[in-house]
Amino acid sequence: MVNQLTPQQKAHVLLESLSYIKTFHKQIVVIKYGGNAMINNQLKECVIRDIALLKYIGINPVIVHGGGPEINELMTLYKKKPEFINGLRVTDEETMKITEMVLTGKIAPEIVSLFSNHDIKALGLSGKDGNIIKAKQKSEELGLVGEITSINPELILSVIEKGYVPVISPIGIGETGESYNINADEVAGKIAISLNAKKLILITDVAGVLENHQDPNTVISALNINEAYSYIKKGIIKGGMIPKMFCCLNAVSNGVEKCHIIDGRQFHSILLEVFTDTGIGTMITA
Ligand SMILES: Nc1ncnc2c1ncn2[C@@H]1O[C@H](COP(=O)(O)OP(=O)(O)O)[C@@H](O)[C@H]1O
Ligand SMILES: CC(=O)N[C@@H](CCC(=O)OP(=O)(O)O)C(=O)O
């Protein structure tokens, strides 16, 4: 499982995992698995194996998955041009159907199957199931993009209680049962808060928050709320990283101990971030 690690890294992972098991037994860790980190099958398999390991040692992972690139692909197949405003997909009725097909019809069942290969029982849940994610329209121009109005953690907690790994698609349900498309980072942050999760891990396609985002060797390994705001003010944190950072800041301001932004393109990034002192991505705390 940890073949790609150096012997020193392996030893460190083992030692750290012993103290981790004590601290984290039965604790909930919410992991947002973004679409950009799903492109390579080998990496996908590796992410699932690492999460399976967390489950084996008694941690309760909850997955919130994305799938932006696959939604783009299916839209293109249907001759629709993906369009974004501030990182959010403009979602008309057809796009909403495509989004649900991809997220709850394809990606969630695929993740469930990958867990099943490791004897882990996982359950795909649309955010609509059991009113997990209630939402309303965010803005006229974005169409069916949802703003979360409430999270009902009941169903997720009972699924965890029964020993399953919940795999949640970022779809919300409106007042009259209509579907809303919601950014997966936003969903992961709100679900982490509602579950009183110990940690929120956002898996993305950059090495972490970078001081100079042309240079992957400038990862900022730890940030607190004040530092994060100052990086946003200075324009160092920008674009797609801003909503991600706000999700983390909101989470750590509301009881989640630590958030991690890590690189899904790197093998075993979850284990390296969680079980080593320095980690490999960016850790955000209050
Ligand atoms: N300081 C920064 N460090 C790293 N990435 C940054 C920074 N500022 C902006 N970004 C941008 O944020 C992007 C990550 O956000 P996004 O593409 O929305 O991720 P995802 O698809 O995983 O949700 C990076 O690819 C990068 O272009
Ligand atoms: C409103 C909005 O933009 N929703 C996202 C939902 C999926 C997602 O967030 O996927 P990634 O994490 O892979 O980007 C979308 O339609 O792409």
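Residues numbered from 1 in each chain as written. Chains lettered and ligands numbered in written order. Predicted model: local features only at pLDDT ≥ 70, side-chain atom pairs only at ≥ 80, totals over all residues. Heavy atoms only, no water.

In the annotation of an unreviewed UniProt entry, the entry for the chain reads Acetylglutamate kinase, and the organism field reads Acetoanaerobium noterae. Turning to the chain, the UniProt record has this under Function (unreviewed entry): "Catalyzes the ATP-dependent phosphorylation of N-acetyl-L-glutamate." Within the UniProt record for the chain, the comment given under Catalytic activity (unreviewed entry) is "N-acetyl-L-glutamate + ATP = N-acetyl-L-glutamyl 5-phosphate + ADP". (UniProt positions renumbered as here; feature names shortened; annotations may be inferred.)

## Details of the overall build of the chain
Helices and strands together make up the secondary structure of the chain, namely 9 helices and 14 strands. Here the chain has a C-alpha radius of gyration of 18 Å; the compact-globule value for 286 residues is 19 Å, and the two agree. Counting across all 286 residues of the chain, residues that qualify as buried make up 50%. For the chain, the share of sequence-separated contacts (at least 6 apart) that also reach a separation of at least 24 residues comes to 71%. Within the structure as shown, the chain displays about 13200 Å² of accessible surface, and the carbon and sulfur contribution to it stands at 51%. Seen as two clouds, the 28 positive and the 30 negative side-chain charges of the chain have centres 3 Å apart. (Helix = DSSP H or I, 4+ residues; strand = E, 2+ residues; numbered from the N terminus. Rg over C-alpha atoms; globule rule 2.2 N^0.38 Å. Buried < 20%, exposed > 50% of the residue type's maximum accessible area, 1.4 Å probe, protein only. Contact = heavy atoms within 4.5 Å. Areas by Shrake-Rupley, 256 points an atom, 1.4 Å probe, with all protein chains shown as cover. Lys, Arg positive; Asp, Glu negative; His and termini not counted. Charge placed at Lys NZ, Arg CZ, Asp CG, Glu CD.)

## Structural notes on the environment of Asn 250
By secondary structure assignment, the location of Asn 250 is in helix 8 (residues 241–253). Judged by its relative accessible area of 31%, Asn 250 is partly exposed. Between the C-alpha atom of Asn 250 and that of Gly 189, which follows or precedes it by 61 residues, the distance is 7.4 Å. Once you skip the residues sitting within four places of it in the chain, Asn 250 turns out to touch Lys 190 and Ile 193.

## Structural notes on the layout of surface pockets
Over the atoms a probe the size of a water molecule is rolled, and this reveals where empty space is left. Each pocket or cavity is described by its volume, and for the largest pocket that value is around 900 Å³. Along the wall of the largest pocket there are 40 residues; nearest its centre are Lys 32, Gly 87, Asn 183, Asp 185 and Lys 244. When residues of the lining of the largest pocket are traced back to their parent elements, those giving at least two are helix 3 (68–77), strand 4 (88–89), helix 6 (184–194), strand 11 (199–204) and helix 8. Ranked by residues supplied to the lining of the largest pocket, first place goes to helix 3 with 4 residues. (1 Å grid on protein atoms, 1.4 Å probe; cavity = no way out; pocket = protein on both sides within 12 Å on 5 of 7 lines; lining within 4 Å. Points joined across faces, edges and corners; volume = space filled by probe spheres on them.)

## Observations regarding unusual backbone geometry
The residue Lys 79 is not glycine, and still its phi comes out positive at about 65°. Here Lys 79 lies in the loop between helix 3 and strand 3 (84–85). Even without glycine at this site, Asp 119 takes up a positive phi of about 60°. Along the chain, Asp 119 falls in the loop between helix 4 (93–116) and strand 5 (122–126).

## Some thoughts on the site of ligand 1
Residues in contact with ligand 1 amount to 16 residues; listed here are only the nearest, Thr 204, Leu 210, Ile 236, Lys 238 and Lys 244. A distance of 3.4 Å is found between an oxygen atom of ligand 1 and a side-chain nitrogen or oxygen belonging to Lys 32. Contacts to ligand 1 include Thr 204, whose side-chain N or O atom sits 2.7 Å from an oxygen atom. Applying the majority rule of atoms within 2 Å of the grid points places ligand 1 in the largest pocket. A per-class count over the shell around ligand 1 returns 6 nonpolar, 5 polar and 5 charged. (Near = heavy atom within 4 Å. Polar contact = N/O pair within 3.5 Å; in protein donor to acceptor, adjacent residues only side chain to side chain. Sits in = over half its atoms within 2 Å of the grid points. Nonpolar A, V, L, I, M, F, W, Y, C, P; charged D, E, K, R; others polar.)

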